[in-house]
Every structure is written in C-alpha cells, then in structure tokens.
Amino acid sequence: MSTYDWIVIGGGVTGAALSYELAQKQFSVLLIEQHGTLQGATRLSYGGIAYWSGTTDLTRQLCQAGWQRYPNLAAELGAEIHFRELDLLLTVAADRDPTAIAPSYADYAIPPRLLSVAEACELEPLVNPEAIAGAFTVRHGQVDPEAMTQAYQQAFVRSGGKIVIDSVMGLQRQNQRITGAIATQQIYTAANVVICAGGWSRALLAEAGLTVPLYFTHAELIETPPVDVQLRTLVMTAEMQRFQLEAQASTTDKEQQWQQPDTELSPFVLDAGAVQLANGSLRLGQISRVLSNPQAQVDAVASEAAIRTAVGQVLPSLQNLPGQWQQCLVAFSRDRLPLIGAVPETTGLHVFSGFSNPFAIVPPLAERFAEAASGETDSILAQLSPARFATPVT
C-alpha cells in the first residue's frame, strides 16, 4: 500500500485544480473521487468567472490573478475549457427601484452599469420587458465547468498524479494526527490530507469529530440538453437572495441547529437566472435551502414547477424547455471567503473549500496552496485560514 505526500478528497474543480498544482511541485498526490463521471456542484454550476466582483484588496487581487490565468489555461492544461467573455445581465424585478439597488454595486472592482428596460432587452432579446424595471450589466467570464475539471484531472495524471474512484467514509487518525482516508475499498495513507469535497466537507469533518465553520446549501436547478434557443447573456437577478440566506444561516447562534438532524435553518429562496454553456445546454434556477441533513429529501416536482415559473416570468421562451430537475450541495463559509489551510487542533489535515466564486479564484489559490506546501510563506493564504475565526465554534 502506497503512502502519498498528499491525498486530495474530492474531484470537482477545487480538488482537480489543487491536485494538479501539488503534482506540479513534484509531490506524490492521490486524488479520491467517488463518481466515475463528474457530479455535484461543479457539473451543475454556471461556470461563471466574476472577475469584476472583488470588493476588498484581497478579493480584487485574487479575482485579477485568476482572470490573468484564463487566456493561457487551456494551453497549459492541454485541453479545451471553452473559455469566453460575455455580458452578465442582472435583472431588477418590476416592483423594485433600480436606483435604490445601484449603491450595493458601487464597491466592486468594476461596478455594473445600470440599463433601462429597453437597453436590457436590446442586450438580451429573450427578456420579458414587463417583468423588469431595468437591469445592470458588466462583462463576465465563463468556462464549461465539466470540461475545465476534466482538463485539470488529465493534466494532473500526466504530471504523475493518480486518481481512484472510491467513496471516502472517514479519516484515519493517530491521536491528533490525520494519517489517511478511510474509503469503501481500502484505507489510503498520506503525510497530508486535504478536503475539497464541497458541500460534503462539513459532514466528513464531523465524522472525524471536527467542527469547522463551513456550511452548505441544497441547490436545485433545471438542466436542459442542448437546445436551439440562443441566450446571448448570462442572466441573474440583481438582488441575489442566496447570499443573504448564507449570511443568516452561518451566524454563531445557528451552529447548534447545524448539529441537529433534519433542521431547516431558514426558509428557502429562489433566484431566477439562466446560463447557456458552449454546447447549447442551459442551467435554469436556482432554489437554495439550508437543511442540516446533507441527504435531505425535497419535493422535486414542486421545486421544478417553482423554478420554471420564476424563470418564465423573466425569460418566457425558456420556461417549458425540456430539462431535468437536479440537486447538489454548495459549500459556503461565514464570511463568503473560502476556508484554506490547516484544520485547527489537528496535524496533517487541511481544507480547501467554501468558495462562493470558485472559477474566478480557484486557479490562483490552488497554485498558492502548492507553493505554501513547498515551504513558501503566503500572507494571502494566512487570511483565508480556518483559524481566522477567533471565537471557537462549539
């Protein structure tokens, strides 16, 4: 049985990118992914690169570093990722005042520009003018999330890494040191383990008796096959309720509720939006729920109907397209910044999860993580460490 320098748990975009960067530093790396074909939040994501959305020196620096990687990333990885730049249209509901919303965008690195209803419909002809009071727009990046993840995985294997398809059930430990991953097929051992399991990261840490301020929503959307309808822009609501929901559900007083089974911490929200990938398929949605049970069941029929109705109000031609309801877990942290680095009170265990804007900042942060693993000091990673939450979570 081999012992690796690093075991990476989770083969989505975060785990694939991190595995690749660690292998580039000549570490022996094992990537463990439970699905043979990509599933979960990465596959169902919009693939958006919100490089314009930094609001602090830290997030602006990370978004800019990520954006600079993309023009050459496909060549570096040796595979197509379908990178492009397009217009993001942030719609304002008909009963809302766009000028009252504008100040919330003022601090972004590139503030979105306010459009009239006529200008918004000229930019995106599929928008129903009766459903909006205006919109904001800004240039936005996009990749095919599945293609990008596969490109990272393939480049990782070419760099000497190994991928196994197995389900991790827990972490192997000796006293306070984590020494490997306990999976269905066998126990894998390593000097270091890093959890990149997205919304499942919290449950995996809890299985090891560890509580980290990392949470998840149950995200629901509709995935269509390639269609003839052409969406020119990426359409989202200007007032994203999901971020408000995450803030409400991750306050310190909610921690006890997270540890209780089958608890709904706040009512669900629905953000109507749509994006079309390079292959012509669409993602429509999404509903976000904060349920403490990662395996909680919801009413798929009612959810699909609600999503279609909400999307249909803004984009009527998309409402009745063929498609399937999908559900996944989406990780988030208490301050909308990812958790990156050593898990407190353990040795050999790290986390790389909780990204609200993954495609914009995962590439530079994965590279920084690998450099830090090689012994370089990194002041940016220090700001993203789980240890930044000074008040212990109990």
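Report on the accompanying structure. Note that the coordinates shown come from a computational prediction; the quantities given were computed from them, not determined experimentally.

A short note on the overall build of the protein
Here is step 1: Scanning the protein for helices and strands turns up twelve helices and 17 strands.
Here is step 2: For 394 residues, the compact-globule estimate of 2.2 N^0.38 gives 21 Å, and the C-alpha radius of gyration of the protein, at 21 Å, lies within 12% of that figure.
Here is step 3: In terms of overall dimensions, the protein has C-alpha extents of about 65 × 45 × 40 Å along its principal axes.
Here is step 4: Considering only residue pairs separated by 6 or more positions, the protein has 74% of its internal contacts joining residues 24 or more positions apart.
Here is step 5: Surface accessibility of the protein: about 16,400 Å² in total, with carbon and sulfur atoms responsible for 49%.
Here is step 6: Positive and negative charge centroids in the protein, built from 23 and 37 side chains respectively, lie 3 Å apart.

Considerations on the packing of aromatic side chains
Here is step 1: The tally for this structure, following the rule as stated, stands at 14 aromatic pairs.
Here is step 2: The structure contains a cluster of three or more aromatic residues connected by ring pairs, namely W6, F27, F352, F355 and F369.
Here is step 3: A cation over an aromatic ring shows up here: R289 above the ring of F268, its NZ or CZ 4.6 Å from the ring centre.
Here is step 4: Lying across the ring of F389, R334 places its NZ or CZ 5.4 Å from the centre.

Remarks on the nonpolar core
Here is step 1: Counting 43 residues, the largest nonpolar core has M148, F352, L365 and F369 as the members making the most contacts within it.
Here is step 2: Looking at this core, the elements that each hand over two or more residues are β1 (3-9), α1 (13-24), β2 (29-33), α3 (57-77), α6 (145-158), α11 (358-373) and α12 (379-384).
Here is step 3: Per-element accounting of this core gives the leading share, eight residues, to α11.
Here is step 4: Formed by 27 residues, the second largest nonpolar core is a distinct cluster that contains I9, L30, L204 and L339.

Some points on the packing of α1 against α6
Here is step 1: Between α1 and α6, whose axes approach to 8 Å, the crossing angle comes to 25°. In terms of orientation, α1 lies roughly parallel with respect to α6. The handedness of the crossing between α1 and α6 comes out as left-handed. Packed against α1, whose contacting residues are V13, A16, A17, S19, Y20 and A23, the element α6 presents M148, T149, Y152, Q153, A155 and F156 at the interface.
Here is step 2: Classifying every residue of the contact of α1 with α6 gives nine nonpolar, three polar and no charged.

Details of the pattern of salt bridges
Here is step 1: One pass over the full model with this rule turns up 14 salt bridges.
Here is step 2: Residues E21 and R69 are paired through a salt bridge, measuring 3.4 Å at the closest nitrogen-oxygen approach. On the criterion of sequence distance, the pair formed by E21 in helix α1 and R69 in helix α3 is long-range, its members being 48 residues apart. A single burial state applies to E21 and to R69, both of which are buried.
Here is step 3: One network of salt bridges, in which partners are shared, links E21, R69, E76 and E367.

Remarks on α11
Here is step 1: Turning to α11, its buried residues number three or more, namely F359, A360, I361, V362, P363, P364, L365, A366, F369 and A370.
Here is step 2: At the C-terminal side of α11, G375 shows a positive phi close to 110°.

Quick notes on unusual backbone geometry
Here is step 1: Each neighbour pair has its own omega, and for G285 with Q286 the value is 10°, a cis peptide bond.
Here is step 2: One can find Q286 in strand β14 (residues 282-291).
Here is step 3: In this structure, N175 is a non-glycine residue whose phi angle is positive, near 60°.
Here is step 4: Locating N175 in the fold gives a position in the loop between β8 (168-174) and β9 (177-183).
Here is step 5: Even without being a glycine, R336 presents a positive backbone phi close to 65°.
Here is step 6: Mapped onto the elements of the fold, R336 is located in the loop between β15 (324-333) and β16 (339-342).

Focus on the side chain of T137
Here is step 1: Counting through the fold element by element, T137 comes out in strand β6 (residues 132-142).
Here is step 2: We classify T137 as buried; its relative accessible area is 7%.
Here is step 3: At 2.9 Å, the side chain of T137 and the backbone oxygen of L88 are in polar contact.

Quick look at helix α8 (residues 241-249)
Here is step 1: The complete set of buried residues in α8 reads R242, L245, E246 and A249. Within α8, the buried residues cover an arc of 100° as seen down the axis, which keeps them to one side.

Some details on the environment of H82
Here is step 1: Inspection of the secondary structure assignment puts H82 in the loop between α3 and β4 (84-93).
Here is step 2: Distance from H82 to E119, taken between C-alpha atoms, is 28 Å for residues 37 residues apart in sequence.
Here is step 3: Not counting residues up to four positions away in its chain, the partners in contact with H82 are Q142, V143, D144, A147 and A278.

Overview of the packing of α3 against α6
Here is step 1: It is at 9 Å that the axes of α3 and α6 come closest, and there the two elements cross at 50°. In terms of orientation, α3 and α6 fall into the oblique class. Considering only the axes of α3 and α6, their crossing is left-handed. Taken together, the residues of α6 that come into contact with α3 (itself represented by R69, Y70, L73 and L77) are M148, A151, Y152, A155 and R158.
Here is step 2: Looking at side-chain class alone, the contact of α3 with α6 contains seven nonpolar, no polar and two charged residues.

Reading guide: rules and limits
- Residues numbered from 1 in each chain as written.
- Predicted model: local features only at pLDDT ≥ 70, side-chain atom pairs only at ≥ 80, totals over all residues.
- Heavy atoms only, no water.
- Helix = DSSP H or I, 4+ residues; strand = E, 2+ residues; numbered from the N terminus.
- Rg over C-alpha atoms; globule rule 2.2 N^0.38 Å.
- Contact = heavy atoms within 4.5 Å.
- Areas by Shrake-Rupley, 256 points an atom, 1.4 Å probe, with all protein chains shown as cover.
- Lys, Arg positive; Asp, Glu negative; His and termini not counted.
- Charge placed at Lys NZ, Arg CZ, Asp CG, Glu CD.
- Phe/Tyr/Trp six-rings, centres within 6.5 Å; stacked < 30°, edge-to-face > 60°.
- Lys NZ or Arg CZ within 6 Å of the ring centre and 35° of its normal.
- Core = buried A, V, L, I, M, F, W, Y, C linked by side-chain atoms within 4.5 Å.
- Buried < 20%, exposed > 50% of the residue type's maximum accessible area, 1.4 Å probe, protein only.
- Axes fitted to C-alpha atoms, helices over the stretch in contact; angles between N-to-C directions.
- Parallel < 35°, antiparallel > 145°, perpendicular 65-115°, else oblique.
- Left-handed = near helix turned anticlockwise from the far one by under 90°.
- Nonpolar A, V, L, I, M, F, W, Y, C, P; charged D, E, K, R; others polar.
- Salt bridge = Lys/Arg side-chain N within 4 Å of Asp/Glu carboxyl O.
- Polar contact = N/O pair within 3.5 Å; in protein donor to acceptor, adjacent residues only side chain to side chain.
- Arc of directions from axis to C-beta.

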